[in-house]
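Results of the structural survey
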Amino acid sequence: MSVYQLKSRFQNILRPLVRSLAARGVSANQVTSVAAAVSVALGFFLSVAPLPHWFLLVPVWFLLRMGLNAIDGMLAREHGQKSILGAYLNEIGDVVSDVALYLPFALIDPNGLGPAMAVIFLSVLTEFAGVLGQTVGASRRYDGPLGKSDRAVLFGALGIFFAMGGTFAAWTWWLWAVVALLLIWTIINRISAGIREAQTAAR
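Residues numbered from 1 in each chain as written. Predicted model: local features only at pLDDT ≥ 70, side-chain atom pairs only at ≥ 80, totals over all residues. Heavy atoms only, no water.

**Looking at the UniProt feature "transmembrane region" (unreviewed entry) in the protein chain**
- Within the UniProt annotation, "transmembrane region" (unreviewed entry) is assigned to residues 21-48, 113-132, 152-168 and 174-193.
- Across residues 113-132, the secondary structure splits into 100% helix and 0% strand, with the terminal C-alpha atoms separated by 28 Å.
- Here residues 152-168 runs as 71% helix and 0% strand, with 18 Å between its end C-alpha atoms. (UniProt positions renumbered as here; feature names shortened; annotations may be inferred. Helix = DSSP H or I, 4+ residues; strand = E, 2+ residues; numbered from the N terminus.)

**Brief notes about the pattern of salt bridges**
- Taken as a whole, this structure holds eleven salt bridges when the rule is applied.
- For Asp98, the salt bridge identified is with Arg65, shortest N-O distance 2.8 Å. With Asp98 in helix H4 (residues 84-107) and Arg65 in helix H3 (residues 57-78), this pair connects stretches of sequence that are 33 residues apart. Residues Asp98 and Arg65 agree in their burial class; the two are buried.
- Measuring nitrogen to oxygen at the nearest pair gives 2.8 Å for the salt bridge that ties Lys148 to Asp94. With Lys148 in helix H6 (residues 148-163) and Asp94 in helix H4, the pair connects residues that are 54 residues apart, well separated along the chain.
- On the basis of relative accessible area, Lys148 is assigned to the partly exposed category, the value being 23%.
- Linked by salt bridges that have partners in common, Arg65, Glu91, Asp94, Asp98, Glu127, Arg140, Lys148, Arg151 and Arg190 make up one network. (Salt bridge = Lys/Arg side-chain N within 4 Å of Asp/Glu carboxyl O. Buried < 20%, exposed > 50% of the residue type's maximum accessible area, 1.4 Å probe, protein only.)

**Re the packing of aromatic side chains**
- Following the criterion strictly, the structure yields twelve aromatic pairs and no others.
- On the basis of an interplanar angle of 65 degrees and a centroid distance of 5.3 Å, the ring pair of Phe105 and Phe155 is categorised as edge-to-face. Residue Phe105 is found in helix H4, and its partner Phe155 is found in helix H6; the two are separated by 50 residues along the sequence.
- Here the aromatic cluster, defined as three or more aromatic residues joined through ring pairs, consists of Phe55, Tyr102, Phe105, Phe155, Phe161, Phe162, Phe168, Trp171 and Trp176. (Phe/Tyr/Trp six-rings, centres within 6.5 Å; stacked < 30°, edge-to-face > 60°.)

**Observations concerning the nonpolar core**
- One finds Phe55, Phe62, Phe105, Phe155 and Trp176 to be the most contacted residues of the largest nonpolar core, which totals 28 residues.
- Residues within four places of Phe105 in sequence aside, it is in contact with Phe55, Val58, Phe155, Leu158, Gly159, Phe168 and Trp176. (Core = buried A, V, L, I, M, F, W, Y, C linked by side-chain atoms within 4.5 Å. Contact = heavy atoms within 4.5 Å.)

**Quick notes on unusual backbone geometry**
- Here the amide bond leading from Gly144 into Pro145 is cis, since omega sits at 20 degrees, within 30 degrees of zero.
- Of note, Pro145 is situated in the loop between helix H5 (113-132) and H6.

**Section: the packing of H3 against H6**
- Direction vectors running N to C along H3 and H6 enclose 160 degrees, while the axes themselves pass 8 Å from each other. The orientation of H3 relative to H6 falls into the category roughly antiparallel. Listed contacts from H6 to Val58, Pro59, Phe62, Arg65, Met66 and Asn69 of H3 are Lys148, Ser149, Ala152, Phe155, Gly156 and Ile160.
- Here the contact of H3 with H6 is composed, by residue class, of seven nonpolar, three polar and two charged. (Axes fitted to C-alpha atoms, helices over the stretch in contact; angles between N-to-C directions. Parallel < 35°, antiparallel > 145°, perpendicular 65-115°, else oblique. Nonpolar A, V, L, I, M, F, W, Y, C, P; charged D, E, K, R; others polar.)

Pasting the structure below:
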């Protein structure tokens, strides 16, 4: 199970807006670039000014970013805007955005940077494993249990927790450990699914 499985319903809600944007000449690459730029800016802001109340911006932006990610994909697929540059922007932008938005949580953790940075590294590796499916004859893999959308829910919840007066302490180390295990599970699932799909396609 993964939040990603709700994507089709989310897209149905956004489709009228996407048609309007396409009619106005908005491109998928523009939407992708804006989403990445705002993510990096917000991550930088929270890293240099980690005041609790500002972390409420994290869940708000994650929700908006999920919408923008759906919009750029729909513009590309449904309005003839697919491009090689767009594919690069989409994958690189997502990874850079995730790192930028996760980093402030590592900086406020009293256990040090190590545990959260390990989660950030595994998050990047998870997306790398998903993309690699395309190089072996499979599709881009989005298998869970902790894909990008699921991590957005997790870090959005952490943002609300911190903004409402919660504190990171010794227990946070165990949270990062559980998240790391789920990410490793996700990586294994994506590799396994990619191999099975490629082998089936080759028959």
